[in-house]
Amino acid sequence: MRLFTRNFPYTNRWLQLGHIKYQTMKKFTLFFFTVLLAVISFGQKHELKGNKLHKLEKFKPAIRQYNKAIKVNPNSSSLYFNRARCYRKIGKYDNAIADITKCISLDTNNKEGYKERGAIKAINGQVRAGIIDFTKALQIDSLYASAYNGRGAAYHLLGEYENSIRDNKKAIALDTSFDASYYNIGLSLNELGRYKEAISYFNNAIRIRYSDHQSFFERGRSLFEVGEYNLAEIDFGNAVIYNDKLDPWEKIDNGRSLYNKGLANIKLDNQLQACIDFELAINFDYYEAKSERAKLNCDIEKQKTMLSAKNEAIVDSVLITISPNPIETYAHIKIIHNVSNVNYSLEVLDISGKNIMTIDQISKSYVFDRTNISNGTYLFVIKSNGIILKTEKIIIK
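Helices and strands together make up the secondary structure of the protein, namely 16 helices and seven strands. Counting contacts in the protein only where the partners sit at least 6 residues apart, residues at least 24 apart contribute 50% of the total. In the form shown here, the protein has an accessible surface area of approximately 21,700 Å², with 53% of it arising from carbon and sulfur atoms.

Here it is, written out as structure tokens:
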């Protein structure tokens, strides 16, 4: 009993020391996790900023945010993946491949990583190596439509058009809304000279994503080859209208579209419009148009007048509304235009580009009656003196 009494103070002191150590450890642990959470939060903040900038197509600022996030979390496969996509967009393909390779090393079953690396390699001229990566993605997931689409695009680059068609058809079988695969099949069919088949695939691509200027251009090319010059001319014009980006590559696309529009107008015996088209193509740095324009012996003064009128009509001085949309019975077409002494016309095309109706003269306040038109999706094309002022997708129900 005395032994217990004598040792009790020491036991109590031991308990006090243990309590102090426990409290110290508790505070340290709390501090450690607070710092850790702050660091993680800091990294996440930069990742979220990077993602937002990426969506806005501000790729260089996005890369800077991903750089900061990777310093905090160097083992995040998604950060390397996202930064690689930004590098690809600005043409730094070696950096992009390095990042995607790091992403795959951190997550060996990342099908998106293999698909993305395949795309970057194909763009960078390493097409066979790209196909290997697409195939690896499909080994991970045999139902991966995007990988079939990517491998199909790579086969097209190699001139293996039947293989391209096969893979893109598999992508469509898995996802019927895959507009890029319809487009790619159309491209391959064009190269094989199967233009009528190509038109049907471009129709589907446009049906799914109506504002894609490249689908309009390629369908125009197919229509031109089968002798549908009027429809081809409209498609080449739409390719320009829906191309709202004017970086160097897209600028060349506009020039190419206008050049082909000019060729269609020559076939339509519309020399003056062809002169205008070639002049506009030259303004977009598409210099092949110079030789075609020289063959036409254009009336320069008349061309300048028409070109000025075209620019005013399309860019500055016209406002056209079509309402309601969808149309059940009637629609009001209202044209506000400060150019006088011009005629307006309305063309109604179905989704394949076939002309359903043409009204040669409409007023600036015109009531359209849909009585003789079936339910469906149509394209209303309003022109002034043969120049397209407005193209709008209209639903009739």
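Moving on from the model shown.
Ranked by size, the top nonpolar core spans 33 residues in total, and within it Tyr210, Phe216, Tyr259, Phe278, Ala281, Ala289 and Leu296 carry the most contacts. If you list the elements that add at least two residues to this core, you get helix H10 (195–208), helix H11 (213–225), helix H12 (229–241), helix H13 (248–267), helix H14 (271–283), helix H15 (288–296) and strand S6 (376–384). A total of seven residues in this core trace back to one element, the largest contributor, which is H14. Beyond its immediate chain neighbours, meaning those up to four positions away, Tyr210 contacts Phe216, Tyr242, Ile351, Leu379, Thr391 and Lys393. Ala69, Ala96, Ala145 and Tyr148 belong to the second largest nonpolar core, which has 28 residues in total.

Before going further, it helps to spend a moment on the packing of aromatic side chains. Using the criterion set out here, one finds eight aromatic pairs in the structure. Measuring from ring centre to ring centre gives 6.3 Å for Tyr182 and Tyr201, while their planes differ by 35°; the resulting arrangement is tilted. Of the two residues, Tyr182 sits in helix H9 (residues 179–191) while Tyr201 sits in helix H10, which places them 19 residues apart along the sequence. Among the residues examined, Tyr182 registers a relative accessible area of 9% and is labelled buried. Where Phe224 meets Tyr229, the ring centres are 5.1 Å apart and the plane angle is 70°; that geometry is what we call edge-to-face. Overall, Tyr229 belongs to the partly exposed group, its relative accessible area being 23%. Every member of this aromatic cluster is reached through a ring pair, and the members are Tyr259, Phe278 and Tyr286. Against the face of Tyr144 rests Lys111, its NZ or CZ located 4.5 Å from the ring centre.

Spatial ordering of the open sheet is given by S1-S2-S5, a layout of three strands whose pairing is antiparallel. Every other strand in the sheet has two partners, leaving strand S1 (318–323) and strand S5 (365–369) as the edge strands with one partner each. Each adjacent strand pair in this sheet contributes to an overall mean axis angle of 15°, direction not counted. Note that strand S2 (residues 330–337) and S5 share five bridges and pair antiparallel. Opposite Lys334, over in S5, you have Ser365 as the bridge partner.

With that settled, consider the side chain of Ser164. Relative to the helices and strands, Ser164 resides in helix H8 (residues 161–174). Discounting residues that sit within four places of it in the chain, Ser164 has contacts with Gly152, Ala153, Tyr155, His156 and Ser188.

With that settled, the discussion passes to the environment of Ile97. Looking at the element boundaries, Ile97 is found in helix H4 (residues 93–106). A relative accessible area of 13% places Ile97 in the buried class. Considering only alpha carbons, one finds Ile97 and Arg117, 20 residues apart in sequence, at a separation of 6.1 Å. The residues contacting Ile97, other than those within four sequence positions of it, are Arg117, Ile120, Lys121, Asn124 and Gln126.

A few words on unusual backbone geometry. Glycine aside, the phi torsion of most residues is negative, and most peptide linkages are trans. Of the consecutive residues Ser323 and Pro324, the connecting peptide bond is found in the cis state with omega at -5°. Topologically, Pro324 is positioned in the loop between S1 and S2. Residue Pro326 is reached from Asn325 by a cis peptide bond, and omega for that bond is 15°. When you line up the elements, Pro326 lands in the loop between S1 and S2. In this structure, Glu57 is a non-glycine residue whose phi angle is positive, near 65°. Note that Glu57 resides in the loop between helix H1 (2–55) and helix H2 (59–72). Here Asp285, not a glycine, exhibits a phi torsion of approximately 65°, which is positive.

The next thing to look at is the sheet that holds S6. Strand order in this open sheet of four strands is S4-S3-S6-S7, and the pairing throughout is antiparallel. One side of each edge strand has no neighbouring strand; the edge strands of this open sheet are strand S4 (355–362) and strand S7 (387–396). Averaged over all neighbouring strand pairs, the angle between strand axes comes to 20°, with direction disregarded. Here strand S3 (residues 344–350) pairs with S6 via seven bridges, running antiparallel. Its bridge partner being in S6, Leu349 is matched across the sheet by Leu379.

Moving on: H12. Here H12 contains 13 residues, and its C-alpha end-to-end distance of 18 Å stays within 8% of the 18 Å for a straight helix at 1.5 Å per residue. Along H12, the residues that are buried comprise Leu231, Ala232, Glu233, Ile234, Asp235, Phe236, Gly237, Asn238 and Ala239.

Following the criterion strictly, the structure yields 22 salt bridges and no others. Put simply, Glu197 and Arg194 hold a salt bridge, and the shortest N to O gap is 2.9 Å. The partly exposed category is assigned to Arg194, whose relative accessible area is 30%.

Cut-off values and rules
- Residues numbered from 1 in each chain as written.
- Predicted model: local features only at pLDDT ≥ 70, side-chain atom pairs only at ≥ 80, totals over all residues.
- Heavy atoms only, no water.
- Helix = DSSP H or I, 4+ residues; strand = E, 2+ residues; numbered from the N terminus.
- Contact = heavy atoms within 4.5 Å.
- Areas by Shrake-Rupley, 256 points an atom, 1.4 Å probe, with all protein chains shown as cover.
- Core = buried A, V, L, I, M, F, W, Y, C linked by side-chain atoms within 4.5 Å.
- Buried < 20%, exposed > 50% of the residue type's maximum accessible area, 1.4 Å probe, protein only.
- Phe/Tyr/Trp six-rings, centres within 6.5 Å; stacked < 30°, edge-to-face > 60°.
- Lys NZ or Arg CZ within 6 Å of the ring centre and 35° of its normal.
- Pairing = 2+ DSSP bridges.
- Axes fitted to C-alpha atoms, helices over the stretch in contact; angles between N-to-C directions.
- Expected span 1.5 Å × (residues − 1).
- Salt bridge = Lys/Arg side-chain N within 4 Å of Asp/Glu carboxyl O.

What is shown is where atoms sit, not what they do.
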